Protein chains: 2
Amino acid sequence: MTIRFYNARILTMESDRIISGELWTDGSRISYVGTADDVPAQKNVFDRQIDCMNNLLMPGFKNCHTHTAMVFARSLADDLTLDEWLHKAIFPREAKLKDEHIYTFSKLGFAEYLAGGITSCFDMYFNPEQSARAAVETGFRYVFCGSVNDFGGIDRLENEYKTYNSLDPLISYRLGFHAEYTTSRNIMERISQIAHDYKAPVYSHISETRDEVDGCIARYGMTPAKLFDKLGLYDYGGGGFHCVWFNDEDMDIYSQRGLTAVFNACSNIKLASGIARVSEFEKRGINTGIGTDGAGSNNALDMFREMYLDNTLSNIAEGRAASIAPFDTLRSATSGGAKCMGLTDCDILAPGRQADVIMIDMNTPCMKPENNIVANLIYSASPQTVRMTMIAGKILYEDGRYTTIDINSVYDDAERLMKEIR
Amino acid sequence: MTIRFYNARILTMESDRIISGELWTDGSRISYVGTADDVPAQKNVFDRQIDCMNNLLMPGFKNCHTHTAMVFARSLADDLTLDEWLHKAIFPREAKLKDEHIYTFSKLGFAEYLAGGITSCFDMYFNPEQSARAAVETGFRYVFCGSVNDFGGIDRLENEYKTYNSLDPLISYRLGFHAEYTTSRNIMERISQIAHDYKAPVYSHISETRDEVDGCIARYGMTPAKLFDKLGLYDYGGGGFHCVWFNDEDMDIYSQRGLTAVFNACSNIKLASGIARVSEFEKRGINTGIGTDGAGSNNALDMFREMYLDNTLSNIAEGRAASIAPFDTLRSATSGGAKCMGLTDCDILAPGRQADVIMIDMNTPCMKPENNIVANLIYSASPQTVRMTMIAGKILYEDGRYTTIDINSVYDDAERLMKEIR
């Protein structure tokens with residue numbers, strides 16, 4: 001399948017420059033990106049030609065930390081404290097989740113991703129078989145993060161790593177564990193060993209709450225970042241999710257090791273965890289990503305809202321306006337996330353790169369006037385502006401319609417399956 | 001014109017109960033709301049019948065503090081401090097604004113309101129003639145707030161009050177001034193006199209930044225709320241915009257006087273002004289409203305994002321999750337705002353009330369599963385879910401199309417007019 005997008009404006013994310021021109025795809029990859037003037041003379045060979053009517057093409061958003069199938073928990077119990085929520089609302093229901101739940105709720109999550117311009121996710125949850133099945137059927141680019149903790153996962157980790165890194169081009173797997181406070185030292189050491197065996201990066205929740213950091217210091221005499229580094233977990237890179245309570249030394253480790261800090265602003269304010277010092281990470285040149293966290297604690301899988309908060313809440317943390325440039329936030333939500341997830345050919349729009357492309361409707365009131373398109377993307381855009389989402393050269397969402405998801409069946413199945421666990 | 005909405009779910013906002021049934025309109029008003037079973041026998045007289053396909057009807061959002069025509073300043077200079085932004089980016093451009101600018105940018109703002117389910121706004125800006133013209137042409141419900149300050153407005157205030165309260169059923173006008181730090185005591189006293197002459201409520205920006213409060217205390221030995229109360233400005237009610245740095249005594253005044261505190265979370269974090277203690281106001285039973293502030297400092301006119309932040313940022317201020325019930329936030333964004341703006345017949349869906357109604361698409365991934373629809377509206381919905389916006393019984397926006405706005409002309413005019421002032 002070859003597709004030609006013409007009359008487009010294109011933000012490749014190599015820089016903040018927006019060009020007027022064309023983008024072509026051939027199979028799963030981009031075959032041409034450039035101005036209309038430079039287009040090679042082979043316009044007639046395309047299977048489909050799309051007039052972009054001056055709308056914007058850009059790389060899809062990378063949701064760099066999420067628990068997709070947890071859409072089942074959306075608005076299920078927002079009035080509980082984190083501890084009550086986990087023990088009364090979540091764990092008892094998770095115990096009831098069958099294959100069909102994970103499959104259906106994963107698809108529902110992917111549908112929300114596509115409608116919001118998200119082309120890949122870094123997902124931490126259990127029952128990988130069903131999520132992978134849903135992802136491959138949908139055509140969604142899916143990166144697993146291992147979710148080992150004291151309740152399980154360590155014995156499957158190496159096998160899952162091998163299985164899901166060779167299953168399908170859309171699927172990959174990175175080593176990971178839940179968090180320090182749920183994972184004993186012995187298990188962390190075993191993960192470190194696997195990381196060394198495969199020269200692989202490792203990821204986890206880290207410093208999400210102040211209690212978590214205090215607890216780690218009480219147990220080990222050091223912060224989680226320092227502990228993980230000392231255990232060799234970061235010897236081949238990786239990163240952490242949330243990073244709300246990082247001190248300067250933690251940031252130094254992330255900087256020196258080339259790790260990625262992934263921020264989850266919505267979840268952090270909704271659960272009263274705190275506000276990450278994002279601008280400080282940006283200032284130090286640490287690679288950053290942005291994630292929605294699960295719908296149980298957000299409650300939307302909306303990278304626009306996430307970008308807005310990632311950028312503006314940092315002003316509250318710093319006590320001054322404009323603490324982060326909009327382009328830095330956009331890079332974090334696209335190429336920064338891609339780097340974190342190992343999706344090195346999904347980062348920017350360029351020939352040879354994977355065709356993970358979205359079209360933003362520029363004819364929406366919130367995108368007008370066009371004083372600064374990048375700033376509009378961060379400060380005024382919403383999922384309403386997403387007109388098309390393409391992954392690996394395949395259009396999966398266009399003008400409100402899904403091409404690979406029978407969305408009404410997913411809605412019906414989701415309600416039916418909720419009855420079993422509600 | 002009579003319209004029948006059937007197969008609807010309806011959230012009247014009288015309570016958090018959602019009924020399945022019908023809503024009828026006759027002219028500008030609602031003629032029936034109720035379950036399908038109770039429907040009177042007169043189904044054939046309607047000019048139009050709309051199958052809601054189980055989607056949700058609810059009152060439109062009231063944008064309770066905004067500067068609509070400032071959409072011209074969207075993403076114009078996000079990298080400046082508030083002071084630089086005003087003096088370098090805004091004031092020089094505002095000096096160049098002609099009638100056509102105010103008219104066109106007001107229309108652009110109304111288009112954004114309609115696409116986001118907003119059916120009225122409480123607007124503080126200059127050149128009321130052109131905003132009123134744009135509002136009446138659009139069919140948008142528009143409430144002026146006087147914007148007197150030391151640079152002008154006081155001599156026109158009484159005349160504007162009389163003119164715009166009798167111009168058109170869609171237009172009304174409430175007394176108001178910019179803020180304490182821009183308005184001398186003498187002028188505030190003159191406003192108070194007019195308020196007494198007309199037994200009218202008064203509104204202003206209040207306690208938006210810590211500096212503003214400190215400055216007021218230095219000048220008058222008391223906070224703005226106390227000062228305004230002492231000057232008699234609140235003798236007939238009213239309220240304030242932002243209310244970030246209210247102390248307990250300020251809240252007592254608002255509580256005792258029956259005033260409305262209007263919150264603007266997005267603008268407050270973007271400009272690093274601070275986080276309002278919204279849950280504390282709710283706890284005291286103070287009437288609250290929610291506003292977007294102007295697009296220059298937000299940068300979207302999006303009540304969904306605003307509701308999310310109004311609710312969740314309060315958790316950061318309080319240091320605990322779930323500090324405000326979602327229904328309280330929704331009430332603030334609808335009937336609370338209506339009360340503030342004097343739109344006493346636009347608050348809930350009931351027979352005899354104005355038909356300011358929106359339809360929320362329940363078949364959107366972010367609204368699934370339906371664990372708690374009210375919570376979904378606050379925590380996971382976005383403008384993407386808005387399917388229809390009706391004001392005074394007239395459908396102005398439906399499935400992405402405007403019925404009274406030539407939107408492409410507005411876009412073209414907006415870009416052309418920006419060139420004159422950019």
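Computed from a predicted structure; not experimentally measured. (Residues numbered from 1 in each chain as written. Chains lettered and ligands numbered in written order. Predicted model: local features only at pLDDT ≥ 70, side-chain atom pairs only at ≥ 80, totals over all residues.)

Draft legend 1. Looking closely at the overall build of chain A. Helices and strands together make up the secondary structure of chain A, namely 14 helices and 17 strands. The C-alpha atoms of chain A give a radius of gyration of 21 Å, which matches the 22 Å a tight globule of 422 residues would have. Taking the principal axes of the C-alpha coordinates as reference, chain A spans close to 65 × 50 × 45 Å. The burial tally for chain A puts 62% of its 422 residues in the buried class. (Helix = DSSP H or I, 4+ residues; strand = E, 2+ residues; numbered from the N terminus. Rg over C-alpha atoms; globule rule 2.2 N^0.38 Å. Buried ≥ 20, exposed ≤ 12 C-beta atoms within 10 Å, placed from the backbone.)

Draft legend 2. Structural detail: the environment of Lys270 of chain B. In this structure, Lys270 of chain B sits in helix 9 (residues 265-270). Spatially, the C-alpha atom of Lys270 of chain B lies 22 Å from that of Thr182 of chain B, the residues being 88 residues apart in sequence.

Draft legend 3. Representation of the relation of the copies chain B and chain A within the structure. For the pair chain B and chain A, the superposition axis carries a translation of 0.0 Å, the fit reaches an RMSD of 0.0 Å, and the rotation angle comes to 180 degrees. Overall, the copies show the geometry of a two-fold rotation axis. Minimal C-alpha separation from the rotation axis in chain B is found for Gln384 of chain B, amounting to 2.2 Å. (Least-squares fit on C-alpha atoms with pLDDT ≥ 70 in both.)

Draft legend 4. Highlighting the sheet that holds strand 6 (residues 61-66) of chain B. Residue and element names in this part refer to chain B. Here 8 strands make up an open sheet; going across it, the order is 6-7-8-9-10-11-12-13 and the pairing parallel. With one partner strand each, in any of the chains shown, strand 6 and strand 13 (287-290) form the two edges of the open sheet. Direction aside, neighbouring strands of the sheet carry axes that sit 25 degrees apart on average. In terms of strand pairing, strand 7 (residues 118-123) meets strand 8 (residues 141-145) through 4 bridges, oriented parallel. Within the sheet, the bridge partner assigned to Cys121 lies in strand 8 and is Tyr142. (Pairing = 2+ DSSP bridges. Axes fitted to C-alpha atoms, helices over the stretch in contact; angles between N-to-C directions.)

Draft legend 5. Seen up close, helix 4 (residues 154-164) of chain B. Residues and elements named next belong to chain B. Residues Leu157, Tyr161 and Tyr164 constitute the buried set of helix 4. For helix 4, the angular spread of the buried residues around the axis is 95 degrees, confining them to a single face. Facing away from the buried side of helix 4 by more than 90 degrees, the exposed set consists of Asp155, Asn159 and Lys162. (Arc of directions from axis to C-beta.)

Draft legend 6. Layout of the interface of chain B and chain A. Contact residues are listed per partner, giving 52 residues for chain B and 52 residues for chain A. Sorting the residues of the side of chain B that touches chain A by element identifies helix 2 (99-115), helix 9, helix 11 (303-318), helix 13 (373-379) and helix 14 (407-421) of chain B as the ones contributing at least two each. Per-element tally for the side of chain B that touches chain A: the top contributor is helix 11 of chain B, with 6 residues. Class assignment of the residues belonging to the side of chain B that touches chain A gives a composition of 28 nonpolar, 13 polar and 11 charged. (Contact = placed C-beta atoms within 7 Å. Nonpolar A, V, L, I, M, F, W, Y, C, P; charged D, E, K, R; others polar.)

Draft legend 7. Expanded view of the environment of Ile90 of chain B. Residues and elements named next belong to chain B. Mapped onto the elements, Ile90 comes out in helix 1 (residues 82-94). Residue classification places Ile90 among the buried residues on the basis of 21 C-beta atoms within 10 Å. Sequence-wise, Ile90 and Asp79 are 11 residues apart; in three dimensions their C-alpha atoms are separated by 13 Å. Setting aside residues no more than four positions away along its own chain, Ile90 makes contact with Ala73, Trp85 and Gly296.

Draft legend 8. Looking closely at the packing of helix 2 of chain B against helix 14 of chain B. Residue and element names in this part refer to chain B. Axis separation between helix 2 and helix 14 bottoms out at 9 Å; the angle between their running directions is 135 degrees. One way to sum up the angle between helix 2 and helix 14 is to call them oblique. Helix-helix and strand crossings are classified by hand; for helix 2 and helix 14 the assignment is left-handed. Residues Glu100, His101, Thr104, Phe105, Lys107, Leu108 and Ala111 of helix 2 form the contact with helix 14, whose own contacting residues are Ile407, Val410, Asp413, Ala414 and Leu417. Per-class residue counts for the contact of helix 2 with helix 14 are 7 nonpolar, 2 polar and 3 charged. (Parallel < 35°, antiparallel > 145°, perpendicular 65-115°, else oblique. Left-handed = near helix turned anticlockwise from the far one by under 90°.)

Draft legend 9. Broad picture of the sheet that holds strand 10 (residues 202-206) of chain A. All names here are of chain A. The strand order across the open sheet built from 8 strands is 6-7-8-9-10-11-12-13, with neighbouring strands paired in parallel fashion. Of all strands in the sheet, those bounded by a partner on one side alone are strand 6 (61-66) and strand 13 (287-290). Each strand axis lies, on average, 25 degrees off the axis of its neighbour in the sheet, ignoring direction. The pairing of strand 11 (residues 238-242) with strand 12 (residues 260-263) spans 3 bridges and is parallel.

Draft legend 10. Molecular detail of helix 2 (residues 99-115) of chain A. Residues and elements named next belong to chain A. Its 17 residues place the ends of helix 2 25 Å apart at the C-alpha level, agreeing with the 24 Å of an ideal helix rising 1.5 Å per residue. In terms of burial, helix 2 is largely enclosed, as 15 of its 17 residues are buried. Remark: Gly117 follows helix 2 within two positions and exhibits a positive phi of approximately 80 degrees. (Expected span 1.5 Å × (residues − 1).)

Draft legend 11. Representation of the pairing of strand 8 of chain B within the structure. Residue and element names in this part refer to chain B. Counting buried residues along strand 8, 5 of its 5 residues qualify, which places the element largely inside the surrounding structure. Alternating residues of strand 8 divide into Arg141, Val143 and Cys145 and Tyr142 and Phe144, and every residue in both groups is buried. Assessed by its sense of winding, the connection that carries the chain from strand 7 through helix 3 (residues 128-138) to strand 8 is right-handed. Summarising the sheet, strand 8 and strand 9 (residues 171-177) pair through 4 bridges and their orientation is parallel. Bridging from a neighbouring strand, Phe144 pairs with Tyr173 of strand 9. (Right-handed = clockwise from strand over helix to strand, strands pointing away.)

Draft legend 12. Region of interest: the domain arrangement of chain A. Residues and elements named next belong to chain A. Here chain A is partitioned into domain 1 (2-59 + 353-402) and domain 2 (61-341). Each partner contributes residues to the interface: domain 1 has 21 residues there, and domain 2 has 24 residues. The element best represented in the side of domain 1 that touches domain 2 is helix 13 (residues 373-379), accounting for 5 residues. Residues belonging to the side of domain 1 that touches domain 2 are distributed by class as follows: 16 nonpolar, 2 polar and 3 charged. (Domains from an automatic or database assignment.)

Draft legend 13. Seen up close, the environment of Asn54 of chain B. Residues and elements named next belong to chain B. Summarising the element assignment, Asn54 is placed in the loop between strand 4 (48-51) and strand 5 (56-59). Take Asn54: there are 11 C-beta atoms within 10 Å of it, and that puts it in the exposed class. Residues Asn54 and Gly152, spaced 98 residues apart in sequence, show a C-alpha to C-alpha distance of 51 Å. Those residues in contact with Asn54, other than ones at most four positions away along the chain, are Asn7, Arg9 and Met362.

Draft legend 14. Layout of unusual backbone geometry. All names here are of chain A. Residue Pro369 follows Lys368 across a cis peptide bond; omega there is -15 degrees. Summarising the element assignment, Pro369 is placed in the loop between strand 14 (357-360) and helix 13. Positive phi, normally seen in glycine, also occurs at Met13, with a value near 75 degrees. By the element assignment, Met13 lies in the loop between strand 1 (2-11) and strand 2 (18-26). Of note in this structure, Lys199 is not a glycine but carries a positive phi near 50 degrees. You can see Lys199 is positioned in the loop between helix 5 (185-198) and strand 10.

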